[in-house]
Amino acid sequence: MLRHMPVTAMIGLLLTVLFLFCAVFAPWIAPYSMAEVVGNPWEPRSAEALLGTDNIGRDLLSRLIYGARTTITIAALATILAFSLGSVLGILAAVLGGWADQLMSRGVDLLMSIPTLIFALLILSVMPSTIAVLVVVMGVLDSTRVYRLARAVAVDLNVQDFVEAARLRGEGRTWIIFREILPNALAPLIAELGLRFIFAVLFLSSLSFLGLGVQPPDADWGSLVRENRQGIVFGVPAALIPAAAIAALAISVNLVADWILKQKTDLKGGRSG
Amino acid sequence: MADQLLDIRNLKIEATLRPPGEKPHDVTIVEDINLSLPRGRVLGLIGESGAGKSTIGLSPAGYGRGGVRITGGEINVNGRNILELGASSMRALRGKEVCYVAQSAAAAFNPAHRIMDQVIEATLWHGLASRKQAEKRAVELFRKLGLPDPEHFGERYPHQVSGGQLQRAMTAMALCSEPDLIIFDEPTTALDVTTQMDVLAAIKEAIRDTGVSALYITHDLAVVAQVADEIMVLRHGKMVEHGETRQIIENPQQEYTQRLVSVRSIDHTAKSPGEPILTVNGITARYGKAGIGKPVLDDVSVAITPGQTLAVVGESGSGKSTLARVITGLLPPEKGNIQFDGRTLKAALKQRKKEDLRQLQMIYQMADVAMNPRHTVGTIIGRPLEFYFGLRGRKQRARVIELLEQIELGPEFHERYPAELSGGQKQRICIARALAADPKLIICDEVTSALDPLVADGILKLLLRLQEEHRVAYLFITHDLATVKAIADSIAVMYQGQVVRYGTRDEVLAPPFDDYTDLLLSSVPQMRVGWLEEAFSQRRMEAQGN
Amino acid sequence: MNSLIARLIAQRLALGISLLFAVSMLIFAGTQILPGDVAQSILGQGATPEALANIRRELGLDQPAWQRYLSWLGGILQGDLGTALSNNRDIAESLGRRVNNTLFLAFWTAVVAVPLAILLGLVAVRYQNRWPDRLISGSTLTAISLPEFFIGYLLIYFFAVQLNWFPSVASVHDRMNLGERLHAIALPAATLTLVILAHMMRMTRAAILNVMQSAYIETAELKGLRSLLIIWRHAFPNAVSPVVNVVMINLAFLVVGVVVVEVIFVYPGMGQYLIDHVSKRDIPVVQAVCLIFAAVYIGLNMIADLVSILSNPRLRHPK
C-alpha cells in the first residue's frame, strides 16, 4: 500500500509522525523547560534559543514542543470522544429507527442550529476552562457531525438488499450492526476521523487564542499565539511560528486523510483492503 | 458515394481507465468496425453489455462518454470525415445532421424547461426554421407520435408527463430539425412491455414517414427485428455478423448469433398442481396507514405446489413485488393470511420462528447489492449453514464447496469477494445462499431481469435443474412473459394490485383471454420479422370486431 | 406562486421559528443547569455573602428557572435584551453600533468573496482535472487547514507592519466616511475572505460538476449547442439552488469566523463584545449575543431552504 503513496501524502505522513514524536517525547527533546526564562522578551533567533524567545523571555522552541503535547492530546481526546459518541449513536439511530431515531436526530438538529464556536463560548462562560471541560465540550459538540455522517451512511446501508437478506434469515441486531453495517461504514468514517481531528486542533487553537481555552501555566499552540500577538505590531514574528505549526499539522493530517479518502473506492471490494 | 449517408472505416475506439491506486492505462473497447448506411435505411446494432454498441452508435456524432476517444479509422457523414472537423463544424453537425435519442428520456430532458422549448431548441439554434415554423412542426410530430393533446403537449414540463410520453417527445426532438441520421440508444428498454410496443410502433412509423436513416442500438434482438432493415451483431467491441434483418433472424451464420436467436427457447413440461405448500388467502396490503388510499394489494389469493413454480407476472405498479414482501413478513398485511406447510405464518417477520424463516428463502434482482461486499463467498454461503444448522469449520467449508459445485462454480470461489465476480456468477452465489438453508420455497424477485439474455438463460436452466433435484418450490416474480413460459407451472397475472388471471400455465396462456392478459401477451416482441405490423393489425381488427 | 409552494414555505418558516424558540431554551438552559453556583463562579471564591446575595437577586436566582426564562424571553420579544452585570448598561444599547459594525464587515466580505468563489468554482469546472483545477483544489486543501489568526497575523505582518499599507488595528468611528471605513476593514475583510473562499469554491465546484454530469447536459451537447449556452441555459437553472445553498452555508461560517477576526484586528463588533463578556462571565450579555448569532445562522439556513423550494420545477409546476 505504501508503495503507491503519492509524494504529498508521504510528506503529510512524515510531518504528522514528527509532530506526534514531539508530543510524546517533549521532556526529552525540548532544550529548556516550559517556564524557564532564558533571555529578554522577543529576542531574535540565536544559538541558545533556536526560534528566539517569547513575550517574557522564555524559549519559544521549548514551549512549542510542550505545546504540541497539549494541543495534540486535547484534540485527540476530543476526537475520540466525538467519534465514539457520534458513530455509535448514529448507527444505532439508523438501525433502531422510529422514535429513538427521531429523538436523537432532532436533538442533534437543535445542537447544530447554534454555531459550534458560539455554543462553546456559551458553556465556557459558566464553566471553568479545565482540560476535562474542554475535551467534553469539544467532543460532544463535534459528535453531532459524526452522528450525521454515521447515520446517513448506516441508513443507506440498512436498506440495502444484503441487510434485508440478513433480516430475512433471522439475524439479530448485533450481527446486523457489527457484521453487515459496520464493515461497510468504516471507510467513510475513517476518512472523516482525520477531518474531525483537524477541526479539533483548529477549534482548540481558536479557543485558546481567544483566551478561553487552555489556561496558564499550561499552554497550547493557540495560547502561544495569544501571548505573542502584541509583538507583531513591532515587527516580531514570534506569534506566527506557533500559528504556522498549527497550519502545518492540519495540512499534514489533511494530506493523509485525503489520500485515505481516495483509497476508499479501492477498499470497497477485493482483497487489497 | 453520395447515396452513402454514413460510412465508417476501420473504426478504433479507446478509453483511459483510472483505477484507484494504479496508473491510468488505455484499453481498446472497439476495433475493426466497418459499416455503411445508405439514406433511408435503419441499421440495428445489437450486443450484450460491454459489446461497445453505444460507443459505436455515438461515434457518428463525434461523441464519446467519459474518457472514450476515437483513435483510428474514419467516419464519413454526408461524404466528409467528421474526425477531421474542428469544434465549430462538429457543433454544426450535431443536432442538424445527426440527432440522438437516449435510453432514459426522463434524465435526458432538462427539468427546468418546458418540453416544447427543448424539442425545438436544436432547430432554432441551427437556424433551420423560425420559432413559429418549428413549433408547428413539433406539434405535427407530437400528433404523429400519438401524444395526447398535441396542441398543448409542449407546454408541459418533463416531470408532468409519463415515461413513455417523454420517450416519444425525445423522438420528436430528434426529428424536429429534419436530420439525416438519428441514433436511437435503447429507446424502449426502460419502458413497460405494453408501452414499449406503442413507442416502438410510433418510432417505426416516424422513421418511415420522414425517410430518415437510423442506428438502432439495443440488446433485444426481437425488438430490433421489428424496426431495422439490417442488423450488425457485436461482441467485445468487434463485429460478429452483419446482414439483412431477415437473414440474421432466420438464418444466422455465426454460432454466437445462433445462440442469441435461440435464447429463451427453454421449454419444460408444466406439472399439474397438487396439495399446496404455500397458500395466500385474500391478502390486502398497503404502505402507510391502514384504510387510506388505494391498497397496493387488493384481495390477492394464490397457491404454490411443492416442487413447482408459480410465476407472478405484471408490469411496474402491479403489486407483484409487494406480494413478496407480504409473504416474507416484511410488510404485514391488513387482511388475509398465509398458510405455509400446513400452518399459518405469523404476519410480521419478527414473530416468525427460525424454522419458518429457514424454509422460506429469497433471491433478489440485483445480485451485487444482495451480498455484503465485505464478506467472502465462503462467509456468504457459510452463514446460513452456521445460523440454521450450526455447521462450522471444516464441515461448513465442505458443504459450501458442495453447494458451489451445484451452482457450477469451482471451490476456488470460496475465498473470493463479490466485486471479483461477474453478474451471472453473483446471481449463482445468491442461489447457493438460498439453497444452503435447504428451503421448501424460494421467492425469486426478477432474478434474471438485470442480466444479459444468454446469462439469464443459464440461470433459468440452473433453477430448473435445482428444482428437479431438491423438489423446492419457486414463487417467480417477473415482468417478462418469455421467462414465464420457460419456467412456470402455474401463472398469476397481476394488474393494479389484483390477480386478473390465475391458473396452470397452459390454461393461462390459452384463449379466451381477458383484455389485460391479451394486451400483455400480444405486446411481447417475437423473434421474427413483421411481428409488430401483424400485432397491430390484429388489434385493429379486434377493435373493429367489438 | 401556487398553494403547494405557499404551504411548503409556511412550513419552513414555522419550522425556523420553532427552532429559534428551542434554541433560546437551550441557550438559557445551558447557562442555568450547569453544576456549581453561577453567582459563586462569577464573583470567585473570595466573594462576600452580601455580594453573592446581591448578584443572585440581580440574576433572579431566587425565582424558579422557567419563570426566569419566560421573563427573559418576554423581554427579548419586546427588544429588551437585559442589563449587563459587569457595567450595568443596557445590552441592546451597547450592542446597536456593534451589530452594525459586524454586519458592515460581513457584508463587504460577502461582496468580495461570493462572486470570487463562484467565478473560481466555474473556472475549476471549465478546466476540470487540468492545472487551474488542480491549483484550486490544492490551495483549498491548504486553506481549510489554516487557522484565522495565522492568515490574519500574516497579513498584518506584511501589509501593516512591513509595507504599512493598511492599519493593523481596524478601528472605526462615526466621523469616518465610507472610503476610510473600507480602508480600515481591508485586512479583516481579506482575512475572512481567505477563510471562506476555499470552502465555498470547492463546494461550488462540486455542485456545478454534479449538474454538468446530468444526462440533459449530454443532450444539449448532442444538439450542437455552444458550451457557454449549455452552461447558461441548461446548467445554470439547475445549479442555482445548490449554489445558493453553498453560499448560505459559507455565510454561516462567516458569522463564526467574524468572532476570531474581530479579536485579531481589535474591531469593535459583536464578536469582540461577546469574547470580552465571556471572560467576565457576564451571563446576560453572553445569552443575548449567542441568541443573535444563532438567529442569523438559522436565518441563513432557512433562506437556503426557501430558495431550493422556489427553484424546484417539480414544485413550481405540479402535475
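The name that an unreviewed UniProt entry assigns to chain C is ABC transporter permease, with the source organism given as Natronospirillum operosum. Entered under Sequence similarities (unreviewed entry) in the UniProt record, the comment concerning chain C runs "Belongs to the binding-protein-dependent transport system permease family." Taken from UniProt, the Subcellular location (unreviewed entry) comment for chain C reads in full: "Cell membrane".

If you look chain A up in an unreviewed UniProt entry, it shows as ABC transporter permease from Natronospirillum operosum. Check the Sequence similarities (unreviewed entry) section of the UniProt entry for chain A; it says "Belongs to the binding-protein-dependent transport system permease family." The UniProt entry for chain A carries this comment under Subcellular location (unreviewed entry): "Cell membrane".

Let us now look at the overall build of chain C. In terms of regular secondary structure, chain C is built from 14 helices and zero strands. Principal axes of the C-alpha set define a box for chain C whose edges measure 85 × 60 × 40 Å. Taking all 319 residues of chain C together, 38% fall into the buried category. Relative to all contacts within chain C whose residues are 6 or more apart in sequence, the contacts with residues 24 or more apart total 72%.

What follows concerns the sheet that holds strand β2 (residues 25-38) of chain B. Here four strands make up an open sheet; going across it, the order is β2-β1-β4-β5 (chain B) and the pairing antiparallel. The sheet is open, and its two edges are formed by β2 and β5 (80-81) of chain B, each paired on a single side.

Feature annotation in UniProt assigns "domain: ABC transmembrane type-1" (unreviewed entry) to the following positions: residues 68-257 of chain A. Between the first and last C-alpha atoms of residues 68-257 of chain A the distance is 20 Å; the span itself is 83% helix and 0% strand.

Attention now goes to the interface of chain B and chain C. Often, the extent of an interface is quoted as the loss of accessible area on bringing the components together. Facing the 24 residues of chain B at the interface are 16 residues of chain C. Those elements that provide at least two residues to the side of chain B that touches chain C are α2 (87-93), α3 (105-108) and α5 (121-125) of chain B. Looking at the side of chain B that touches chain C, its residues break down into 14 nonpolar, six polar and four charged.

A word on the interface of chain A and chain C. At the interface, 37 residues of chain A touch 41 residues of chain C. When residues of the side of chain A that touches chain C are traced back to their parent elements, those giving at least two are α5 (116-124), α8 (173-209), α9 (221-233) and α10 (240-268) of chain A.

It is worth spelling out the environment of Glu205 of chain B at this point. You can see Glu205 of chain B is positioned in helix α9 (residues 193-210). Between the alpha carbons of Glu205 of chain B and Lys144 of chain B there is a distance of 8.3 Å; along the sequence they are 61 residues apart.

Confidence along chain C averages 84 in pLDDT terms, with 94% of residues attaining 70 or more. Note on the complex model: pTM 0.82, ipTM 0.84.

Moving on, we come to the UniProt feature "transmembrane region" (unreviewed entry) in chain C. All names here are of chain C. Mapped onto this numbering, the UniProt entry annotates "transmembrane region" (unreviewed entry) at residues 12-34, 103-123, 135-161, 181-200, 243-265 and 285-310. Helix makes up 100% of residues 103-123 and strand makes up 0%, while its end C-alpha atoms are separated by 30 Å. The span residues 181-200 is 95% helical and 0% strand by assignment, and the distance between its end C-alpha atoms comes to 26 Å.

Calculation notes
Residues numbered from 1 in each chain as written. Chains lettered and ligands numbered in written order. Predicted model: local features only at pLDDT ≥ 70, side-chain atom pairs only at ≥ 80, totals over all residues. UniProt positions renumbered as here; feature names shortened; annotations may be inferred. Helix = DSSP H or I, 4+ residues; strand = E, 2+ residues; numbered from the N terminus. Buried ≥ 20, exposed ≤ 12 C-beta atoms within 10 Å, placed from the backbone. Contact = placed C-beta atoms within 7 Å. Pairing = 2+ DSSP bridges. Nonpolar A, V, L, I, M, F, W, Y, C, P; charged D, E, K, R; others polar. pLDDT = per-residue confidence, 0-100.

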